[in-house]
Amino acid sequence: MKENMKKFLMYGVMGAVLPFLASCGDDEDKTYTGENQVYLSAENPVIEESEATPLVVNVDLTSSYGQDITLDFKVTDDSHEILKLVDNPVTIPAGSRTATFQVVSNQKNILEEDTYFSIGLASVSVDDIKLNDVLKVRVTPGLKVPELSESQKELIEGYKVKYGIDLNEWIGVVPCTTKVESPAGGSTDDFAAEFERTLSGKTVITLSEQATEEVPVLKMTVNPMGLTEYFAWVMRQETVENDEYWFDENSGPSYKQIMDLLQWNRENPGSFTMSLDGLTLKEVSSSAASVDFVKTDEEKGYDIIPFDYVFSPWEYQKELIEQGNQVAIDLEETDGTANPSYYLQYGSVSEDEFGDGNFIEPEGKLDFSAQKMTFQFVFSHNMGSGYTRIYVTYEK
């Protein structure tokens, strides 16, 4: 069993939050007399700029009021009006605690990279209420599919003859559903209780440069395994939204040093994207193939899913390291670093290092007949407890 000296079992850390979660329904008629809080949440807070599909935002109060209240929300950092709010302002009737509104792209198609926007509270009709936290929404540019080279097109034609398969069917934008099962016992509030999330998204898939005449290899260039936003959220909870460790009065100086150095904070969490190369088709027939997607990380000394992370604070820290900045150098491989690899994939995906009963063998399958590609694997991270199970389904 792998020991992580930085992890502490924190029983009861959700005590302040669970009562709220347990009382989010509107059945109970209570009049709240103390300070109230507004919580904003969304199942998967990602919007594609080129699409008009609305993102539904849930509004939850700590407790109800004895009269109707009206809340007016706003996009706090959107000078180019990339987004608009629909069904806003929101009125929550007396005795109720919940409502919804929508965030929709204005489809201006001017973004060149993933950009985060904050949904905040502009005004409210009562005084004794405050917003618990802004909701961060990631807006992605229109998905771009890499153009195949002539040699790649020839390889695909060769696979048609050799194996009787047409990989063109899996090149492009492919919808995916990703199920995340996170265990209890993590070191911060966000990971103290177990939870399950189902994420719907799209992945851009192309033929990898690693492909040969004998071995078909795929690459996921955008939102691999449907996990980009989830991993970005985990990174924020591990770092600039980690109230228990990064902002505690007894915390060491490294956290403040790196945030000041990189101008990296809750309001400016950075841009996070990732890709995944080397999805190698094996045991290929005209009807199915297995997909090998695991690689040994030489620095970590164990098997991982070889996601390639691009995280803007880390890119900046690497620049400063090259320039000889001592703070950036000192915090390169320790708590406070902006390196995603320090926090993500904390244990082997091929061997059960935690013994927590959550381990599953990594497995990938491509069923040409059913036009379905599936994956299962485990994920671990610094502030989590043991293994998170992940199941991914691509279906044409």
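Placed above this text is the structure.
Just so it is clear, the structure is predicted and the values come from calculations on it, not from any experiment.

K.L.:
Outline the overall build of the protein chain, supporting the account with residue identities and numerical values.
P.N.:
Secondary structure assignment for the protein chain yields seven helices and 21 strands. Dimensions of the protein chain, computed from C-alpha atoms along their principal axes, come out at roughly 75 × 45 × 45 Å. If you take every contact in the protein chain between residues at least 6 apart in sequence, the share linking residues at least 24 apart comes to 69%. Within the structure as shown, the protein chain displays about 18600 Å² of accessible surface, and the carbon and sulfur contribution to it stands at 46%.

K.L.:
Explain the nonpolar core residue by residue, including any values.
P.N.:
In terms of nonpolar packing, the biggest core is built from 76 residues, with Leu207, Met225, Leu227, Tyr230, Phe231 and Phe375 touching the most fellow members. For this core, the element with the most residues is helix H3 (residues 228–238), which contributes six residues. Leaving out residues up to four positions away in the same chain, Met225 has contacts with Cys176, Thr178, Thr203, Met220, Leu276, Leu279, Phe293, Phe307, Phe375, Phe377, Val392 and Tyr394. The next biggest cluster of nonpolar side chains, apart from the first, holds 28 residues, and it includes Ile47, Val59, Leu135 and Val137.

K.L.:
Just give me the short version of the pairing of strand E5 (residues 83–86), but keep the residues and values in it.
P.N.:
Only one face of E5 is buried, namely the one carrying Leu83 and Leu85, since none of Lys84 and Val86 on the opposite face is buried. By the bridge criterion, four bridges tie E5 to strand E7 (residues 98–105) in an arrangement that is antiparallel. The residue of E7 that forms the bridge with Leu85 is Val103.

K.L.:
Explain the sheet that holds E7 to me, using residue names and the numbers behind them.
P.N.:
Read across the sheet, five strands follow the order E5-E7-E3-E1-E9 without closing on themselves; strand pairing throughout is mixed. Edge positions in the sheet fall to E5 and strand E9 (129–131), since each of these pairs with one other strand and no more. For this sheet, the mean inter-axis angle between neighbouring strands, taken without regard to orientation, is 25°. Pairing analysis gives three bridges linking strand E1 (residues 36–41) to E9, with the strands arranged parallel. Bridging across to E9, Asn36 finds its partner in Ile129.

K.L.:
Which residues make up the sheet that holds strand E10 (residues 135–140), and what values do they have?
P.N.:
Strand order in the open sheet formed by five strands is E2-E10-E8-E4-E6, with mixed pairing between adjacent strands. With partners counted over all chains shown, the strands left at the sheet margins are strand E2 (46–48) and strand E6 (90–92), one partner each. The sheet shows a mean angle of 30° between the axes of neighbouring strands, taken without regard to direction. Both strand E8 (residues 115–124) and E10 contribute to a ladder of five bridges, which runs antiparallel.

K.L.:
Tell me about the layout of surface pockets, residues and numbers included.
P.N.:
If you add up the space inside the second largest pocket, you get close to 620 Å³. Lining the second largest pocket are 23 residues, with Asn44, Val46, Ile47, Ser200 and Gly201 sitting closest to its centre. Taken together, the residues of the lining of the second largest pocket sort by class into nine nonpolar, eight polar and six charged.

K.L.:
An account of the pattern of salt bridges is needed here, citing residue identities and associated values.
P.N.:
In the structure shown here, the tally under the stated rule is 18 salt bridges. Here Asp133 ties to Arg266 by a salt bridge, and the two come within 2.9 Å at their closest N and O atoms. One end of the pair, Asp133, is in the loop between E9 and E10; the other, Arg266, is in the loop between helix H4 (254–262) and strand E14 (272–282), with 133 residues separating them in the sequence. Take Arg266: its relative accessible area is 18%, and that puts it in the buried class. Between Arg138 and Glu229 there is a salt bridge, with its nearest N and O atoms 2.7 Å apart.

K.L.:
How would you explain the packing of aromatic side chains if you had to name every residue and give the values?
P.N.:
Applying the stated criterion to the full structure yields 19 aromatic pairs. Where Phe191 meets Phe195, the ring centres are 6.4 Å apart and the plane angle is 35°; that geometry is what we call tilted. For the pair shown, Phe191 and Phe195 are each scored as buried. Taking 5.8 Å as the distance between ring centres and 75° as the angle between the ring planes, the aromatic pair formed by Trp264 and Phe311 counts as edge-to-face. Of the two residues, Trp264 is situated in the loop between H4 and E14 and Phe311 in strand E18 (residues 307–311); the sequence distance between them amounts to 47 residues. Each member of the pair, Trp264 as well as Phe311, is classed as buried.

K.L.:
I'd love a proper account of unusual backbone geometry, names of residues and values included.
P.N.:
Outside of glycine, negative phi angles account for most residues, and trans bonds account for most peptide bonds. A cis amide bond, omega 5°, links Asn88 with the succeeding residue Pro89. If you trace the backbone, Pro89 turns up in the loop between E5 and E6. Despite not being glycine, Gln263 has its phi angle at roughly 55°, a positive value. Residue placement: Gln263 occurs in the loop between H4 and E14. For Gln263, a relative accessible area of 53% translates into the label exposed. Notably, Gln371 is not glycine yet its phi reads approximately 55°, a positive angle. You can see Gln371 is positioned in the loop between strand E19 (363–367) and strand E20 (372–379). Residue Gln371 is classed as partly exposed on the basis of its relative accessible area, which comes to 29%.

Conventions and cut-offs
Residues numbered from 1 in each chain as written. Predicted model: local features only at pLDDT ≥ 70, side-chain atom pairs only at ≥ 80, totals over all residues. Heavy atoms only, no water. Helix = DSSP H or I, 4+ residues; strand = E, 2+ residues; numbered from the N terminus. Contact = heavy atoms within 4.5 Å. Areas by Shrake-Rupley, 256 points an atom, 1.4 Å probe, with all protein chains shown as cover. Core = buried A, V, L, I, M, F, W, Y, C linked by side-chain atoms within 4.5 Å. Buried < 20%, exposed > 50% of the residue type's maximum accessible area, 1.4 Å probe, protein only. Pairing = 2+ DSSP bridges. Axes fitted to C-alpha atoms, helices over the stretch in contact; angles between N-to-C directions. 1 Å grid on protein atoms, 1.4 Å probe; cavity = no way out; pocket = protein on both sides within 12 Å on 5 of 7 lines; lining within 4 Å. Points joined across faces, edges and corners; volume = space filled by probe spheres on them. Nonpolar A, V, L, I, M, F, W, Y, C, P; charged D, E, K, R; others polar. Salt bridge = Lys/Arg side-chain N within 4 Å of Asp/Glu carboxyl O. Phe/Tyr/Trp six-rings, centres within 6.5 Å; stacked < 30°, edge-to-face > 60°.

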